[in-house]
Amino acid sequence: PQMSEEQEQLIATLIEAHHKTYDSSYSDFGQFRPPVRKDEFDSSDDCSMPEAPTDCSFGSSTPGESSMNSGNLGLLASFENFGQSASNMTSPFSMLPHLSDLVSYSIQKVIGFAKSIPGFRELNTEDQIVLLKSSVIEIIMLRSNESFSSEDNSWVCGSEEFKYSISDVTQAGHNMELLEPLVKFQIGLKKLNLHEAEHVLLMAICIFSPDRPSLLERERVEAIQERLSETLRAYIVCNHPPPSSHLLYPKMVQKLADLRSLNEEHSKQYLEISREAGDPSDLTPLLLEVFGSPLS
Ligand code: 0VQ
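Since this is a predicted model, take the numbers as computed values, not measurements.

A. Geometry of the overall build of the protein. Regarding its fold elements, the protein presents eleven helices and three strands. Mapped in sequence order, the helices and strands of the protein form the string α-α-α-α-α-β-β-β-α-α-α-α-α-α. Buried residues in the protein amount to 46% of all 296 residues. Within the protein, residue pairs in contact and separated by at least 24 positions form 75% of the contacts whose partners lie at least 6 positions apart. A total accessible area of about 15,600 Å² is found for the protein, and carbon and sulfur atoms account for 57% of it.

Next comes the structure, spelled out in structure tokens:
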């Protein structure tokens, strides 16, 4: 088919919305709480007293206290620290504050993108919330592909300190049950070599999934998704040259299925993280609102 004027306009709108909400220079990342990477080796939580064999306590806060503990292998200190009372007891999830801020920031950007998709604002507010809450982690996984490097399986967001390896996400409390399929997903998506039009259409189609639980007006969501899918098919036929266009549309639809399963695994792991995080303020109010609070 030929692309209609309306379809051309839709793509232009989505690309503009994406440019306004995805900063390819990652210049805001310095405003997040800093990334803290635990040493891959030496997991002994050594509190900067490397050569002090007389005091092996790791939780002492005052010099006087510390001398009382000498020679007791830090056992007393570890009891004193039970809970999170000790000021220097480091969180087991050292990357959680930074990744929480990054994901919270991303959520706000995804909301901005969604609001500019034709038809979104016209939905009732309840459905807008349902669509955003259920899709936002999927959109973050999709949009993060822009920074993903298949060279070394990491997300490269400018400087070395904002380069995220699998291990970094592990240090926010996630495990390989999510990370292995997530990285495979990123590699597979990268291999599709999507045009920007296809990338933004895929995100928009993902947001307008009519099968999300408890939607009030599924038919309206379905109609909007249909319009977006039709535009994507037309775009591929008219603008994506073979051989990479071969089966491209069904491959993109498969990515949406992969995202459902990633979403489900993320939900489970997030729940564990929110229960086990040493400090509740490692998360943000927006994360609690979108992914749920361990209380309530
Ligand atoms: C970093 C987003 C963008 C870009 C890079 C993210 C990156 C995930 C899912 C595994 C983060 C999950 C975080 C949390 O579960 C928690 F608790 F761990 F902090 C949260 F916040 F959701 F609760 C990246 C991380 C994640 C998913 C995909 C990529 C790496 C830049 O492209 C852009 O928005």
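B. Local environment of the site of the ligand. Around the ligand lies a shell of 24 residues, among which Y22, S106, S147, H174 and H266 are the nearest. Take Y22: an N or O atom from its side chain is 2.8 Å from an oxygen atom of the ligand. At 2.8 Å from an oxygen atom of the ligand is found a side-chain nitrogen or oxygen belonging to S147. In isolation the ligand offers 710 Å² of accessible surface; the protein chains occlude 99% of this area. Looking at the shell around the ligand, the elements with two or more residues in it are helix 4 (96-115), helix 5 (125-143), helix 7 (176-191), helix 10 (248-276) and helix 11 (285-291). Looking at the shell around the ligand, its residues break down into 17 nonpolar, six polar and one charged.

C. Broad picture of the confidence of the model for the protein. In this model, the protein carries a mean pLDDT of 87, and residues with pLDDT of at least 70 account for 82%. Looking over the protein, one finds the lowest element-wise mean pLDDT in helix 2 (residues 63-68), namely 34, and the highest in helix 8 (residues 196-207), namely 99. A low-confidence stretch, residues 42-87 stays under pLDDT 50, and its non-local contacts, those more than four residues away or across chains, total 33 contacts.

D. Examining the packing of helix 5 against helix 8 more closely. The contact between helix 5 and helix 8 brings their axes to 8 Å, and the two run at 155 degrees. Relative to helix 8, the element helix 5 is oriented roughly antiparallel. Once helix 5 is placed against helix 8, the crossing between them reads as right-handed. Taken together, the residues of helix 8 that come into contact with helix 5 (itself represented by L131, S135, E138, I139, L142 and R143) are H199, L202, M203, C206 and I207. Of the residues belonging to the contact of helix 5 with helix 8, the class tally is seven nonpolar, two polar and two charged.

E. How the structure looks around the packing of helix 5 against helix 10. Where helix 5 contacts helix 10, the two axes come as close as 9 Å, and the packing angle between them is 110 degrees. Taken together, the axis directions place helix 5 and helix 10 in an arrangement best described as roughly perpendicular. The element helix 5 and its partner helix 10 pack so that their crossing is right-handed. Of the residues in helix 10, those in contact with S134, I137, E138, M141 and L142 of helix 5 are L259, R260, L262, N263 and H266. Here the contact of helix 5 with helix 10 is built from residues that sort into five nonpolar, three polar and two charged.

F. How the structure looks around the sheet that holds strand 3 (residues 163-164). Across the sheet, which stays open at both edges, the three strands sit in the order 1-2-3 with antiparallel pairing between neighbours. With partners counted over all chains shown, the strands left at the sheet margins are strand 1 (148-149) and strand 3, one partner each. Looking at chain direction, strand 1 and strand 2 (residues 154-156) are connected through two bridges and run antiparallel. Following the sheet pairing, S149 is matched in strand 2 by S154.

G. Representation of empty space enclosed by the protein in the model. One pass over the structure, following the stated rule, counts one cavity of 30 Å³ or more. In this model, the largest cavity occupies a volume close to 650 Å³. At the level of elements, helix 4, helix 5, helix 7, helix 10 and helix 11 are the ones that each hand at least two residues to the lining of the largest cavity. It is helix 4 that contributes the most residues to the lining of the largest cavity, eight residues altogether.

H. Structural view of the environment of D127. Mapped onto the secondary structure, D127 falls in helix 5. A sequence separation of 91 residues divides D127 from R218, and the C-alpha atoms of the two residues are 8.8 Å apart. Ignoring any residue separated from it by four or fewer positions in sequence, one finds D127 in contact with S214, L215, L216 and E217.

What counts, and at which threshold
Residues numbered from 1 in each chain as written. Predicted model: local features only at pLDDT ≥ 70, side-chain atom pairs only at ≥ 80, totals over all residues. Heavy atoms only, no water. Helix = DSSP H or I, 4+ residues; strand = E, 2+ residues; numbered from the N terminus. Buried < 20%, exposed > 50% of the residue type's maximum accessible area, 1.4 Å probe, protein only. Contact = heavy atoms within 4.5 Å. Areas by Shrake-Rupley, 256 points an atom, 1.4 Å probe, with all protein chains shown as cover. Near = heavy atom within 4 Å. Polar contact = N/O pair within 3.5 Å; in protein donor to acceptor, adjacent residues only side chain to side chain. Nonpolar A, V, L, I, M, F, W, Y, C, P; charged D, E, K, R; others polar. pLDDT = per-residue confidence, 0-100. Axes fitted to C-alpha atoms, helices over the stretch in contact; angles between N-to-C directions. Parallel < 35°, antiparallel > 145°, perpendicular 65-115°, else oblique. Left-handed = near helix turned anticlockwise from the far one by under 90°. Pairing = 2+ DSSP bridges. 1 Å grid on protein atoms, 1.4 Å probe; cavity = no way out; pocket = protein on both sides within 12 Å on 5 of 7 lines; lining within 4 Å. Points joined across faces, edges and corners; volume = space filled by probe spheres on them.

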